[in-house]
Amino acid sequence: MNHLSFYWLQPDKNKLIEALKSDFCKLVEQSILSNNIVLPPIPDVVIKIQQLSTNESATIKEVAETLLADPGLTANVIRVSNSAVFNRSNITCNSAITAVSRLGIYRVRDLVTAQAIEELKNSTNLNAECNELLKKSAHSSRDFAAVMTLLCQCMAKHKEEEDSFYLEPEKALLTGLLADIGIFCLISEFYEYQKSGNYLDFDIATQIFNSRCSYVSKIVLTLWGFDQDFINVATNKVNGHKQDGDSISYLDIARMANHLLMFRNKDKCIDEHEVEITALGAEALYELSNLSDSDFNNRIQDVIKQSGL
C-alpha cells in the first residue's frame, strides 16, 4: 500500500520517474544513507524527556521535573492522563508527577513528541504549498490514529476469553499520530532546496515525499528511541523479529485502519489492496464499515476528544 498518511494520493508513475531523476531526490537519498536527516525542531523539554527515556536509571520524578519547565506541555500531559482513553482507573490526577506515574516514562515521551509534531505541522510557515501539505498530514494522521484506536476498542469489546488480544488503544493512537513523522523533514528540506534557488515542480516533489517518507520516519523514530511497534507502523513492514503465532500487532491494526479509510473514502485503489485479518479483526472492520458517514465521523471525533489531545 502507499504510505499510510498519503492514502489520498493517486500514484503517478511518470511523475515518480521524473522525481527520481531530480537533484532533490539525490540530496534526500544522500541524507537517508548517511542518517543526516535534519530532525524536526521540537522543544528542548521534549528532547530532554526523550533523552531521559533512554536512560535506564531515569526516574519518574526526573521526568516530571523536566516536564514542569514547560507549563503548557505539563497542562497537556495532565489533561491527557485524565482522559477516557488514557485513564483506565478513572481517578483524576492533578500533578505532573502523578500524571507521569500513571502514563509511564515511555508513554509521556510518545505523547509529548506527538503533540510537538502536530503543533509543527499546523504552525510552521514555509510557503502555501508546503503549509497546506503539512496541515493535510496533520489532519490525516489524526483520522488514521483515531481509526486505529477505534479498531483496538472494537476488538477488545468483541474478544472471547481465548482470544490473545492485548493491544492498547492509547498506544495505537500514538503510533498512528507519529506514522508519517518523516514528512516534516522532507518538506522542510524541499523548502530549503527551493530557497537556495533550485526549482522542482511541487507535484513531482510530492512523489518523493510519498516514496521516501517511511525511510525518513524510520530514521527519526530510531534516533529518538521509539520501539519497533512505532517503526513497523511508520514503514509498513516488520522490522527485526517477526511476531510469534497469530497475535495481532499494531502494524496489523494500521493496515486494517488504512483499508477502512480507503473504503470510507471510496478510494479506487481498494480493489488492489489486500489486508490479512483475523476473525476478531473482521468483526471490528464489519462494525465500523457499516456505520453511516456521519456516525463514523462522530466516532473519530469522539476518540480525539476522549484522548484529551
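The structure displayed is predicted, hence computed values, not measured ones. (Residues numbered from 1 in each chain as written. Predicted model: local features only at pLDDT ≥ 70, side-chain atom pairs only at ≥ 80, totals over all residues. Heavy atoms only, no water.)

S.K.: Sorry if this is basic, but what is going on with the confidence of the model for the protein chain here?
M.R.: Parts of the model with low pLDDT should not have their predicted coordinates read in detail. Confidence along the protein chain averages 84 in pLDDT terms, with 87% of residues attaining 70 or more. This stretch, residues 1-9, has a pLDDT under 50; its non-local contacts, to residues over four places away or in other chains, come to 38 contacts. (pLDDT = per-residue confidence, 0-100. Contact = heavy atoms within 4.5 Å.)

S.K.: Would you take a moment to explain the packing of aromatic side chains for this structure?
M.R.: What describes a pair of aromatic rings is the distance from one ring centre to the other and the angle between the planes of the rings. One pass over the full model with this rule turns up seven aromatic pairs. Between F24 and F209, the aromatic rings sit 6.4 Å apart at their centres with planes inclined by 90 degrees, giving edge-to-face as the arrangement. Residue F24 is found in helix α2 (residues 23-33), and its partner F209 is found in helix α11 (residues 202-223); the two are separated by 185 residues along the sequence. F24 sits in the buried class, given a relative accessible area of 0%. Between F202 and F209 the ring centres are 6.2 Å apart and the planes differ by 70 degrees, which places this aromatic pair in the edge-to-face class. We classify F202 as buried; its relative accessible area is 12%. Relative accessible area serves as the criterion here: at 0%, F209 is assigned to the buried category. The structure contains a cluster of three or more aromatic residues connected by ring pairs, namely F24, F190, Y193, F202 and F209. Above the face of the F226 ring, R109 is positioned so that its terminal group lies 4.1 Å from the ring centre. (Phe/Tyr/Trp six-rings, centres within 6.5 Å; stacked < 30°, edge-to-face > 60°. Helix = DSSP H or I, 4+ residues; strand = E, 2+ residues; numbered from the N terminus. Buried < 20%, exposed > 50% of the residue type's maximum accessible area, 1.4 Å probe, protein only. Lys NZ or Arg CZ within 6 Å of the ring centre and 35° of its normal.)

S.K.: What's the story with unusual backbone geometry in this structure? I'm lost.
M.R.: Backbone geometry follows two general trends: most residues other than glycine have a negative phi, and most peptide bonds adopt the trans configuration. Positive phi, close to 60 degrees, is recorded for N236, a residue that is not glycine. By secondary structure assignment, the location of N236 is in the loop between α12 (228-235) and α13 (250-264).

S.K.: Can you walk me through the side chain of T124 in this structure?
M.R.: As for its position among the elements, T124 is in the loop between α7 (105-123) and α8 (128-158). Among the polar contacts listed, one links the side chain of T124 to the backbone oxygen of L120, at a separation of 2.6 Å. Once residues lying within four places of it in the same chain are set aside, the contact partners of T124 are E119, N131, L134 and F184. (Polar contact = N/O pair within 3.5 Å; in protein donor to acceptor, adjacent residues only side chain to side chain.)

S.K.: Help me out: how do you make sense of helix α5 (residues 71-81) in this one?
M.R.: Each α-helix winds once per 3.6 residues, and so residues spaced three or four apart point in a common direction. Within α5, burial applies to L73, T74, V77, I78, V80 and S81. Take α5 and look down its axis: the buried residues cluster within an arc of 165 degrees, on one side only. Contacts made by the buried residues of α5 are with α3 (44-53), α4 (60-67), α6 (96-103), α7 and α15 (293-307). Its side-chain oxygen at 3.2 Å from the backbone nitrogen of G72, D70 defines the N-terminal cap of α5. (Arc of directions from axis to C-beta.)

S.K.: Hey, could you run me through the pattern of salt bridges in this one?
M.R.: Opposite charge on two side chains permits pairing when their charged atoms draw close. Evaluation of the coordinates by the stated rule reveals eleven salt bridges. E118 serves as the salt-bridge partner of R142, at 2.4 Å between the closest nitrogen and oxygen. Of the two residues, R142 is situated in helix α8 and E118 in helix α7; the sequence distance between them amounts to 24 residues. Since its relative accessible area comes to 18%, E118 is described here as buried. Taken together, the shared-partner salt bridges connect R107, R109, D110 and E168 into one network. (Salt bridge = Lys/Arg side-chain N within 4 Å of Asp/Glu carboxyl O.)

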